[in-house]
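Residues per chain, in single letters:
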Amino acid sequence: MTRIACVGITVLDRIWYLSDLPKEGGKYVANDYTEVGGGPAATAAVAAAKLGAEVDFIGRVGDDDTGNRLLAELESLGVNTRHTRVFKGARTSQSAVLVDASGERIIANYPSPDLPANADWLQELDFSQWDVVLADVRWHDGAKQAFTLARQQGITTVLDADITPQDIAELVTLSDHAAFSAPGLQRLTSLTEPEGALKKAQTLTNGHVYVTHGKEGCYWLDKGQLSHQPGFSIDVVDTTGAGDVFHGALAVGLAQNEPVPEAVRYASAVAALKCTRPGGRAGIPDCDQTRSFLSLFV
């Protein structure tokens, strides 16, 4: 069985559905509301598990009700949390998410200041047990430590290179596959055009670099040349978690030794299907659903 470790953050997403996203201060009435587990690495882990992989989420939570709830939800969705650290007296991270009628969203994340950034305890883990190690950039020390240990064992590393206040250049260097969000790539390179930005990012790593552009699809470099997987046409309900799901599915494809174009196409389909249902996880398809969907685009 494919074995994947996802290292990073888990948060509670509190999601409000509005007709339009606010453009100025004022009072607004939501059409619907839900709460669900989120966080880049955690949601990637759920996607990978739904696609049939054996997955460990490695992160940090507090011993509050939110932390207990998030771990229970991950376990119920087939994700192992045996290596997640629970810190006594600490609060768990949360996010406020506003989603409009077209599925676009605004996210305000509150990373708990109670969770220690130090990741030295990851040295206790045997990283040779996994086929791929994926990490998000929201727990920088964790990603750096995990990738360093994984590479020592010859294990493939996949970086969810989203926007973050910290400089992620050293994480890109440690990545075999650095998959950027458009804002994350722009922050790193100060460039907006995909080809130029990817080529600049490529100077940091001997691995592969990618960037997702929402409905435009995914761009990546193949031997220095720009490649493109167009986005799939779907009825979008909610884009929350789409990038996280893409990364989890990409990790599965790479762990199964699929060629990069096939892994990207597969991940793009999984992320697209996720967007057809509300929340960051409810719409994640399994392998059969994904293959059936892809068969419509042969």
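Quick look at the structure, then. Since this is a predicted model, take the numbers as computed values, not measurements. (Residues numbered from 1 in each chain as written. Predicted model: local features only at pLDDT ≥ 70, side-chain atom pairs only at ≥ 80, totals over all residues. Heavy atoms only, no water.)

When its secondary structure is counted, the protein chain shows nine helices and 15 strands. The C-alpha radius of gyration of the protein chain comes to 18 Å, within 12% of the 19 Å expected for a compact globule of 298 residues. Within the protein chain, the fraction of its 298 residues that count as buried is 53%. For the protein chain, restricting intrachain contacts to residue pairs at least 6 apart in sequence, the fraction spanning at least 24 positions comes to 64%. (Helix = DSSP H or I, 4+ residues; strand = E, 2+ residues; numbered from the N terminus. Rg over C-alpha atoms; globule rule 2.2 N^0.38 Å. Buried < 20%, exposed > 50% of the residue type's maximum accessible area, 1.4 Å probe, protein only. Contact = heavy atoms within 4.5 Å.)

This next bit is on the sheet that holds strand S1 (residues 3-7). Pairing is mixed across the open sheet formed by nine strands, whose spatial order is S6-S4-S1-S10-S11-S12-S13-S14-S15. Two strands bound the open sheet, and with one partner strand each, they are strand S6 (79-80) and strand S15 (225-229). Packing of helix H3 (residues 140-152) onto the sheet brings it into contact with S1, strand S10 (132-136) and strand S11 (156-161), and relative to S10 it is tilted by some 165°. Relative to the sheet, helix H7 (residues 242-255) contacts S1, S10, S11, strand S12 (177-181), strand S13 (208-212) and strand S14 (218-222), its axis offset from that of S10 by approximately 165°. (Pairing = 2+ DSSP bridges. Axes fitted to C-alpha atoms, helices over the stretch in contact; angles between N-to-C directions.)

Of note, Ser190 is a non-glycine position whose phi angle comes to about 65°, a positive value. We classify Ser190 as exposed; its relative accessible area is 62%.

In this structure, Ile4, Cys6, Val55, Val79, Tyr210, Leu250 and Val264 are the most contacted members of the largest nonpolar core, which totals 45 residues. When contributions to this core are tallied by element, the ones reaching two or more residues are S1, helix H1 (40-50), strand S4 (54-58), S10, S14, H7, helix H8 (260-274) and helix H9 (287-295). Apart from residues no more than four positions distant in its own chain, Val264 is found in contact with Tyr210, Cys218, Trp220, Gln229, Phe246 and Leu250. Counting residues in each nonpolar core, the second largest holds 37 residues, with Val7, Ala143, Ala161 and Phe180 among its members. (Core = buried A, V, L, I, M, F, W, Y, C linked by side-chain atoms within 4.5 Å.)

Turning next to the pattern of salt bridges. Scanning the model with the defined rule gives 12 salt bridges in all. Of the charged contacts in the structure, one is a salt bridge between Glu35 and Arg14, with a shortest N-O distance of 2.8 Å. With a gap of 21 residues between them, Glu35 in strand S3 (residues 32-38) and Arg14 in strand S2 (residues 11-17) connect regions that are remote in the sequence. The salt bridge involving Asp114 is made with Arg91; its shortest N-O contact spans 2.7 Å. Of this pair, Asp114 sits in the loop between strand S9 (105-110) and S10 while Arg91 sits in the loop between strand S7 (85-87) and strand S8 (94-99), and the two are 23 residues apart along the sequence. On the basis of relative accessibility, which here comes to 43%, the residue Arg91 falls in the partly exposed class. Through salt bridges that share partners, Arg14, Glu35 and Arg69 make up one connected network. (Salt bridge = Lys/Arg side-chain N within 4 Å of Asp/Glu carboxyl O.)

Another aspect to go through is the side chain of Ser227. In this structure, Ser227 sits in strand S15. Residue class for Ser227 comes out buried when judged on its relative accessible area of 17%.

Let us look at the sheet that holds S8. Reading across the sheet, the four strands line up as S3-S2-S8-S9 and stay open at both edges, with mixed pairing between neighbours. This sheet does not close on itself; its edge strands, each paired only once, are S3 and S9. With direction set aside, neighbouring strand axes in the sheet form an average angle of 20°. Note that S8 and S9 share six bridges and pair antiparallel. In the sheet register, Val99 faces S9, and the bridge partner there is Arg105.

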